[in-house]
Amino acid sequence: MKKVHNFNAGPCVLPEPAIKAAIAALEDFAGTGMSVIEVSHRSKEWEVVMDECRNLWKELLNIPDTHEVLFLGGGASLGFLYAVMNFFDRKAGYLETGVWAKKAFTEAKNYAESIGAQAIAVASSVDKTYSYIPKGYEIPTDLDYFHITTNNTIYGTEIRYDMDCPVPLIADMSSDIMSRPVDVSKYALIYGGAQKNVGPAGVTFAIVNKEMLGKVSHYIPTMLDYRTHIKGASMFNTPPVFPIFVMKETLKWLKEQGGVEAINKRNREKAALLYSEIDRNSVFVGTAAVEDRSIMNVCFVMAPGYENLQDDFLAFAKERGMVGIKGHRSVGGFRASIYNACPLESVQALVDTMREFETKVNQNA
């Protein structure tokens, strides 16, 4: 198989052992003589997978007994509505730090209009194209909850700490979950899509404080009520079995690497290597505020005077096995997503490519 360096933003690079385990399970799952995509989700063999996956989540993030882990469908975009339906009653606050944060806020605003409630942007970085994380704002104490998006994949910014919040805190951690230690006790809800650090597309995770559910005054549709899925152990309806299996194998790999603290150290090393090159290289420049740079999604553009070389660099990098470094269509430029399973060797290869391109440009000047 052709060797490439995968920097796709999601679906993205996964651990090789997880992929190999998935291939084997597609042929014969747990000695059943059936593929993992054929087996009944009510079988004892599948229950073992669900239990192991849930226990890995709890162990790796030190999840307290107050919280339950759920595996659901619908993507993080449906998670926007899950948050609204289970926690929104009168007034909700959102931190607007990027496209996905804005989409979550829009979902809340639209719902608020239908029930005579209020959704507000407590702070926003739209004034500088979401290139920084707002600071110095006050969180109103009359909110039902405060919603944040911890990592902004399109703009390359990240909230890398667990804030103290005077109201229930909800976080979309789609693209940085399991990349750093998290104090889960500080959150009413953590949710996200799996397809960055914890598995393939097709399943979402939710870590929800059970004690904070059932407090809204409106009707919650059965499938949008977290209590439904807690009671059903994430199997109220047929779960996305294959993505959950791959998630379990991905978390097994993470545990073998030393867990979340060890992978966080590695992630910081990879990000430091790439950001150092961006800051040194004369033909590239970073786009995110230095203090808010993401360790998951590194965004950069051609430096002033070199803008016409964007396509040249993309072609140059592709020839050297770089995949997925083109920036999001809404912003252009470049984006290297260096999630947990992205090896240091790939980051070094990208750095070497950037240095080689700089030399080529200077020679042709």
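Right above here is the structure, for reference.
Residues numbered from 1 in each chain as written. Predicted model: local features only at pLDDT ≥ 70, side-chain atom pairs only at ≥ 80, totals over all residues. Heavy atoms only, no water.

### As for the layout of surface pockets
Heads up, the rule is: Here a cavity is any set of points on a 1 Å grid over the protein atoms alone where a 1.4 Å probe fits but cannot get out, and a pocket is any open set with protein on both sides within 12 Å along at least 5 of 7 lines; a residue lines the site when it has an atom within 4 Å of a point. Grid points are joined across faces, edges and corners, and a volume is the space filled by probe spheres set on the points. Numbered from the N terminus, helices here are DSSP runs of H or I no shorter than four residues, and strands are runs of E no shorter than two. Put simply, Ala, Val, Leu, Ile, Met, Phe, Trp, Tyr, Cys and Pro go in the nonpolar bin, Asp, Glu, Lys and Arg in the charged bin, and everything else, Gly too, in the polar bin.
Approximately 630 Å³ is the volume found for the largest pocket. Listing elements by their share of the lining of the largest pocket, those giving two or more residues are β1 (5-6), α1 (16-27) and α9 (344-364). Within the lining of the largest pocket, the residues separate by chemical class into 15 nonpolar, four polar and six charged. In this structure, the second largest pocket spans a volume of roughly 330 Å³. For the second largest pocket, the lining is made up of 19 residues, of which W100, T153, S174, Q195 and K196 are closest to its centre.

### Examining the pattern of salt bridges
Using the following cut-off: Basic side-chain nitrogens of Lys or Arg form a salt bridge, by our definition, when they fall within 4 Å of a carboxyl oxygen of Asp or Glu.
Per the stated rule, a full pass over the model turns up 23 salt bridges. Here D142 and K91 are joined by a salt bridge, their closest N and O atoms 3.2 Å apart. A residue pair is termed long-range when its members are at least 10 positions apart, and D142 in the loop between β4 (118-124) and β5 (145-149) and K91 in strand β3 (residues 91-96) qualify at 51 residues. Each member of the salt-bridge network shares a partner with another, and the members are D51, R54, K58 and E68.

### Comments concerning the sheet that holds strand β12 (residues 297-302)
Applied cut-off: The pairing criterion for strands is at least two bridges between them, as found by DSSP. Interaxial angles span 0 to 180 degrees and are taken between N-to-C directions of axes, which are lines fitted to C-alpha atoms, for helices over the stretch in contact. Every residue pair with non-hydrogen atoms within 4.5 Å of one another is taken to be in contact.
With respect to topology, three strands assemble into an open sheet ordered β11-β12-β14, the strand pairing being antiparallel. At either margin of the open sheet sits one strand with a lone partner, and together these are β11 (284-286) and β14 (334-337). For this sheet the average axis-to-axis angle between neighbouring strands, irrespective of direction, equals 35 degrees. Running over the sheet, helix α7 (residues 259-280) touches β11, β12 and β14 and is turned about 15 degrees from β12.

### Digging into helix α8 (residues 310-319)
Where we set the bar: Relative accessibility under 20% of the residue-type maximum defines a buried residue, over 50% an exposed one, and the middle range a partly exposed one, all with a 1.4 Å probe and only protein chains included. Think of the arc as the fan of directions from the helix axis to the C-beta atoms.
Among all positions of α8, only F313, L314, F316 and A317 are buried. Seen from one end, α8 has its buried residues packed into an arc of 165 degrees, which puts them on one side. When the buried face of α8 is taken as reference, the exposed residues oriented beyond 90 degrees from it are D311, K318 and E319. Just downstream of α8, G321 is the residue with a positive phi angle, here 85 degrees.

### Examining the side chain of S131
If you trace the backbone, S131 turns up in the loop between β4 and β5. Residue class for S131 comes out buried when judged on its relative accessible area of 17%. Each residue touching S131, except ones within four places of it in the same chain, is listed here: S125, T157, T287, A288 and A289.

### Some details on empty space enclosed by the protein
All chains considered together, the criterion is met by two cavities of 30 Å³ or more. Looking at the largest cavity, its volume works out to about 50 Å³. As for the largest cavity, its lining consists of L72, G75, A76, L78, G79, Y82, Y191, G192, T204, F205, A206 and Y226. Of all the elements in the fold, those that place two or more residues in the lining of the largest cavity are α3 (75-87), β9 (189-193) and β10 (204-209). Tallying contributions element by element places α3 first for the lining of the largest cavity, with five residues. The class makeup of the residues in the lining of the largest cavity is eight nonpolar, four polar and no charged. Looking at the second largest cavity, its volume works out to about 30 Å³. Around the second largest cavity, the lining residues are V13, L14, P15, K196, N197, V198, T250, W253, N340 and A341. Residue composition of the lining of the second largest cavity, by class: six nonpolar, three polar and one charged.

### Some points on the nonpolar core
Note the threshold: The nonpolar core is taken to be a set of buried Ala, Val, Leu, Ile, Met, Phe, Trp, Tyr and Cys residues, with the residues joined through side-chain atoms within 4.5 Å.
By size, the foremost hydrophobic cluster in this structure holds 87 residues, and its most contacted members are W46, W57, L61, F146, M178, L251 and F313. Each residue touching W57, except ones within four places of it in the same chain, is listed here: I63, V69, F71, I177, M178, V198, F205, I207, M247 and L251. Counting 30 residues, the second-largest nonpolar core is a separate cluster that includes L70, F87, F88 and F105.

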